[in-house]
Structures are given as C-alpha cells and as structure tokens.
Amino acid sequence: MNSIKSPDHKHAHHPKKPWEYAVAGILIVLSIAFVIYFAGASMIRLYIQIGIGSCEKIPILCKAPDDQTLPANLSGREVNDSFIPHSFPRLSIQIPRGFAINNETEKRPYYKNRRNQDKGSVIYVLRQEPGFFVHLYPTLKKQGIANNRDFVKNTMQARLNAIQNITSAFFVVMKSIFTPDIGDQHQALMKVFRFKEFVGYINYNISEDTHYFDCNLIDKDDDFFKVYIKD
C-alpha cells in the first residue's frame with residue numbers, strides 16, 4: 001500500500017521561530033502606540049464634550065482671542081471726573097457711576113433709587129496674588145506654566161477642537177470655569193487687552209438688552225484681577 005504524502009511539501013506548516021514572535025509583538029505594540037497617538041486626543045475631546053459640552057453648546061470653548069490688541073485711550077482726567085473710587089481689603093478700583101460692585105462676598109450697592117438697582121447693573125471684582133494659580137496646580141510648572149500670566153494666557157487660548165493632550169484639555173476645562181455669563185456666546189468676541197502695566201484678555205458681548213464684559217488682567221508684578229461687568 002502506498003503511503004499518503006502531502007501534495008506539496010513546500011507548503012507544509014512549520015512552527016514559528018522565536019524572532020517571528022518578537023516581530024509580531026513589536027508590531028502589536030506599534031499598532032497600540034499608533035492608536036494612542038492618533039486617537040488619544042479624539043478620546044480626550046469626546047470626554048470633555050460629554051462632561052462639559054460641545055462647541056455648539058458652549059461656543060466660547062472653540063474661540064480664541066483675536067491677534068489684534070485693543071488700544072486703551074482713556075485719560076486720567078476722564079477717570080477722575082466720571083469714575084467713583086472704591087477700596088476693598090485686597091484691591092482698589094475706580095468704576096463708572098450707576099453700578100453696584102461686588103468683591104467676592106462683599107457687596108456695595110451705590111443707588112439712591114431702588115428702582116434703578118433692580119436693573120441689575122453690577123460689577124464683580126476679584127484679585128489673586130502672584131503665582132496663585134500655579135501654586136494650586138504645581139505640576140503645571142513642568143509644562144512651562146510659571147506664573148499667573150502664563151496660566152491665563154493658556155486658559156484664554158485653549159480650544160476644545162485643538163486638544164492634543166491632558167494639559168491642553170485641562171486648560172479647556174479651566175476656560176469653562178473662568179468664563180462667566182456673557183450672554184449669547186455665538187455673538188461674543190475675545191480680544192487681547194493692554195493698558196499701562198496690565199496685560200490680559202477681554203471677552204465681551206454687546207446686545208440690545210444687556211452688555212457683558214469679562215476682563216482678566218495681570219499686572220507687571222503678576223497680580224491677577226478679574227473684572228466682570230453686566231449692564
């Protein structure tokens with residue numbers, strides 16, 4: 001009886017050699033790295049959208065300040081003639097007449113007529129000392145965020161559709177926290193703001209019914225000031 005032979009010995013199965021397993025393992029690792037590198041940012045963006053909201057829901061998350069810097073031409077005489085000085089434990093400010101002013105939990109209405117006060121014209125002010133935000137998040141120093149100025153700059157320039165890593169995602173979250181009510185965000189504008197020793201960002205929306213101004217300022221000593229105006 002003739003023995004049964006394989007039709008073609010050239011196609012017979014051979015066990016894989018160790019180097020072949022090594023190559024397969026390297027390819028798998030490279031494939032995983034490829035997915036993490038190209039899909040990681042997309043997953044982070046999706047996570048932020050689920051937790052906070054999309055650009056359609058919160059348009060400011062996909063906006064950045066214009067390159068054009070707003071000039072400040074207000075003279076000292078105009079301030080002295082039409083602005084009222086107010087002093088708080090941690091800051092002093094001069095504001096236009098006709099506004100109530102809140103500093104953290106301290107509120108000072110300056111209206112003689114209750115009917116005018118109900119119109120809701122109010123200014124909120126806040127001050128934080130140099131390096132305040134970096135001290136809250138010490139790991140940011142490893143990312144090159146050295147002071148309040150760097151922190152605010154990265155926060156205002158953060159965009160949901162530009163997230164590339166955890167750090168950029170962090171600043172998008174901070175932007176959502178930093179931005180108060182500015183009305184219809186589709187109509188809001190963002191500008192770089194400079195005045196004397198102050199450098200900062202102003203987000204504003206001028207509508208028919210209400211005007212919103214969100215000013216984030218840093219002085220030459222890295223003190224941070226936030227002035228929010230609703231009129």
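Residues numbered from 1 in each chain as written. Predicted model: local features only at pLDDT ≥ 70, side-chain atom pairs only at ≥ 80, totals over all residues. Heavy atoms only, no water.

Take the overall build of the chain next. When its secondary structure is counted, the chain shows six helices and 10 strands. Looking at the chain as a whole, 35% of its 231 residues qualify as buried. For the chain, the share of sequence-separated contacts (at least 6 apart) that also reach a separation of at least 24 residues comes to 48%. Surface summary for the chain: the accessible area is close to 15,300 Å², and the carbon and sulfur share equals 57%. (Helix = DSSP H or I, 4+ residues; strand = E, 2+ residues; numbered from the N terminus. Buried < 20%, exposed > 50% of the residue type's maximum accessible area, 1.4 Å probe, protein only. Contact = heavy atoms within 4.5 Å. Areas by Shrake-Rupley, 256 points an atom, 1.4 Å probe, with all protein chains shown as cover.)

Looking at the secondary structure, you find Lys-191 in strand β7 (residues 189-195). Of the polar contacts made by the side chain of Lys-191, one reaches the side chain of Asp-66; its length is 2.9 Å. (Polar contact = N/O pair within 3.5 Å; in protein donor to acceptor, adjacent residues only side chain to side chain.)

Bridge count for strand β2 (residues 83-87) against strand β3 (residues 92-96) is five bridges, and the pairing is antiparallel. In the strand pairing of β3, Ile-84 is matched with Ile-95. Where β2 hands over to β3, the hairpin turn is made up of four residues, counted between the paired strands. (Pairing = 2+ DSSP bridges.)

Attention now moves to helix α6 (residues 166-178). Taking 1.5 Å of rise per residue, 13 residues should cover 18 Å, and α6 covers 18 Å from first to last C-alpha, within 8% of that figure. Ala-169, Phe-171, Val-172, Met-174, Lys-175 and Phe-178 are the residues of α6 that are buried. With a side-chain oxygen lying 3.2 Å from the backbone nitrogen of Thr-167, the N-terminal cap of α6 falls on Asn-165. (Expected span 1.5 Å × (residues − 1).)

Turning to the state of the cysteines, a few remarks are in order. For the structure shown, the criterion picks out one disulfide. Residue Cys-55 pairs covalently with Cys-62 via a disulfide, S to S 1.7 Å. By relative accessible area, which is 22% here, Cys-55 ends up partly exposed. (Disulfide = S-S within 2.5 Å.)

Of all the residues in helix α5 (residues 148-157), the buried ones are Asn-148, Phe-151, Val-152, Thr-155 and Met-156. Within α5, the buried residues cover an arc of 120 degrees as seen down the axis, which keeps them to one side. Two or three places before Arg-149, at the start of α5, stands the capping residue Asn-147, its side-chain oxygen 3.2 Å from that residue's backbone nitrogen. (Arc of directions from axis to C-beta.)

For the rest of this paragraph, the subject is the pattern of salt bridges. A complete count under the given rule lists four salt bridges for this structure. One salt bridge connects Asp-66 with Lys-191, and the closest N-O pair in it is separated by 2.9 Å. Taken together, the positions of Asp-66 in strand β1 (residues 66-70) and Lys-191 in strand β7 put the pair 125 residues apart, joining distant regions of the chain. With a relative accessible area of 10%, Lys-191 lands in the buried category. Close ionic contact of Lys-220 with Asp-221 constitutes a salt bridge, the shortest N to O distance being 3.5 Å. (Salt bridge = Lys/Arg side-chain N within 4 Å of Asp/Glu carboxyl O.)

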